[in-house]
Amino acid sequence: MTVWHIILLASAATLTLKLAGYFVPAGFLERERPARIADLLTVALLAALIAVQTFGAGQALEIDARLPAVIVAAALFALRVPFVIVVFAAAGVAAGIRALT
């Protein structure tokens, strides 16, 4: 099986799953438990994406200047600092650490 066959199969599976979502009754999604699960899945997927982008380097884990930058960004978000300032501060921390190493 070539890479293109896998890509086509994955695309068809994704489209099928997306279309299946239209057949789920609206009343089911409005109940408390499914709504809570959907909210928690969103947070879990975002956290996983952040972890992979922060610590991933190909197939290995790597701790570098990105970790302190994410910690600074999380702290500033906890203090409710505007997003633009958080981005510049985190970028400055990462750049500063990379300049020193």
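Digging into the overall build of the protein chain
Each helix and strand counted, the protein chain has five helices and two strands in total. Scanning the protein chain from its N terminus toward the C terminus, one meets helices and strands in the order α-α-α-β-β-α-α. Along the first, second and third principal axes, the C-alpha atoms of the protein chain reach 55 × 45 × 20 Å. Out of the 101 residues belonging to the protein chain, those deemed buried represent 9%. Between the averaged position of the 7 positive side-chain charges in the protein chain and that of its 5 negative side-chain charges there is a distance of 1 Å.

With respect to the pattern of salt bridges
This structure, assessed with the given rule, holds two salt bridges. A salt bridge links Arg66 to Asp64; the shortest N-O distance between them is 3.0 Å. The partly exposed category is assigned to Asp64, whose relative accessible area is 24%. Ionic contacts of the salt-bridge type, sharing partners, join the residues Asp64, Arg66 and Arg98 into one network.

Reading the values: rules and limits
- Residues numbered from 1 in each chain as written.
- Predicted model: local features only at pLDDT ≥ 70, side-chain atom pairs only at ≥ 80, totals over all residues.
- Heavy atoms only, no water.
- Helix = DSSP H or I, 4+ residues; strand = E, 2+ residues; numbered from the N terminus.
- Buried < 20%, exposed > 50% of the residue type's maximum accessible area, 1.4 Å probe, protein only.
- Lys, Arg positive; Asp, Glu negative; His and termini not counted.
- Charge placed at Lys NZ, Arg CZ, Asp CG, Glu CD.
- Salt bridge = Lys/Arg side-chain N within 4 Å of Asp/Glu carboxyl O.

The quantities given are spatial measurements derived from coordinates; they are silent on function.
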